[in-house]
Amino acid sequence: AEVPVRCDGRLIVQALTNIIKNAIEAIKEDAVDTDDPSFAGTIEIEMRVERTGARMEARDNGRGLPSKLRHRLTEPYMSTRAKGTGLGLAIVRKAVEDHDGSFEITDREGGGAVATIFLPTLRGPGDSGHTGDEFAPADGEPALYGY
């Protein structure tokens with residue numbers, strides 16, 4: 001099912017890319033640190049249509065969230081990795097919030113992490129109180145709609 005959301009496609013693609021890169025890095029770190037030769041990293045991506053928008057989840061079975069400073073993971077320049085810049089999740093949070101959405105990172109049952117992006121649905125002309133004109137892009141604004 002299509003779920004139209006008004007968004008800057010470039011920013012939302014960057015946000016999703018950052019989430020997937022984080023999951024890959026968490027799995028790589030776990031693979032190096034494990035003594036289990038059968039360890040296989042997995043990333044599951046799911047999109048659910050909800051009454052008011054689209055929810056995208058990326059679940060991994062990597063290292064999981066740190067016990068300390070987890071509340072700061074989406075702050076700029078905050079990283080728990082030696083080579084991390086600390087910008088990836090900050091960019092995700094900012095991009096999603098700029099689209100009136102929400103972003104959260106939680107523990108995955110069984111180990112790993114779940115990153116969730118929610119973007120509100122684009123309301124159409126048939127909705128009460130809407131003429132459709134409010135969805136036309138302003139001058140110079142990109143007319144990008146994501147699904």
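Everything here concerns the structure above.
The structure contained in this document is the topic of the report that follows. (Residues numbered from 1 in each chain as written. Predicted model: local features only at pLDDT ≥ 70, side-chain atom pairs only at ≥ 80, totals over all residues. Heavy atoms only, no water.)

Section: a nonpolar patch on the surface
For clarity, the threshold we go by: Each patch is assembled from residues with relative accessible area greater than 30% and no salt bridge, linking like charges that lie within 9 Å and nonpolar side chains (Val, Leu, Ile, Met, Phe, Trp, Tyr) that lie within 5 Å. Only the protein chains shown count as covering a residue, and every accessible area follows the Shrake-Rupley method with a 1.4 Å probe. Just to be clear on terms, a salt bridge is a Lys or Arg side-chain nitrogen sitting within 4 Å of an Asp or Glu carboxyl oxygen. Note on conventions: DSSP H or I runs of at least 4 residues are helices, E runs of at least 2 residues are strands, and numbering of each starts at the N terminus. Each residue is placed in one exposure class: buried if its accessible area under a 1.4 Å probe, protein chains only, is under 20% of its type's maximum, exposed if it is over 50%, and partly exposed if it falls in between.
A contiguous nonpolar surface patch, about 310 Å² in accessible area, is contributed by Ile20, Ile24, Ile43 and Ile45. Secondary-structure elements contributing two or more residues to the nonpolar patch are helix H1 (9-33) and strand S2 (43-50). Inspection of the secondary structure assignment puts Ile20 in helix H1. Look at Ile20 and you get partly exposed, because its relative accessible area is 33%.

Structural notes on the nonpolar core
Within soluble globular proteins, side chains that are nonpolar generally end up buried alongside one another. The test is simple: By nonpolar core we mean a set of buried residues, namely Ala, Val, Leu, Ile, Met, Phe, Trp, Tyr and Cys, connected to one another through side-chain atoms within 4.5 Å. Working rule for contacts: check all heavy atoms of both residues, and any pair within 4.5 Å makes them a contact.
Counting residues in each nonpolar core, the largest one holds 20 residues, and the members touching the most others are Ile19, Val92, Val96, Phe103, Ile117 and Leu119. Not counting residues up to four positions away in its chain, the partners in contact with Val92 are Ala15, Asn18, Ile19, Phe103 and Ile117.

Some words on unusual backbone geometry
Phi is positive for Asp100, which is not a glycine, with a value near 60°. Here Asp100 lies in the loop between helix H2 (88-98) and strand S4 (102-107). We classify Asp100 as exposed; its relative accessible area is 67%.

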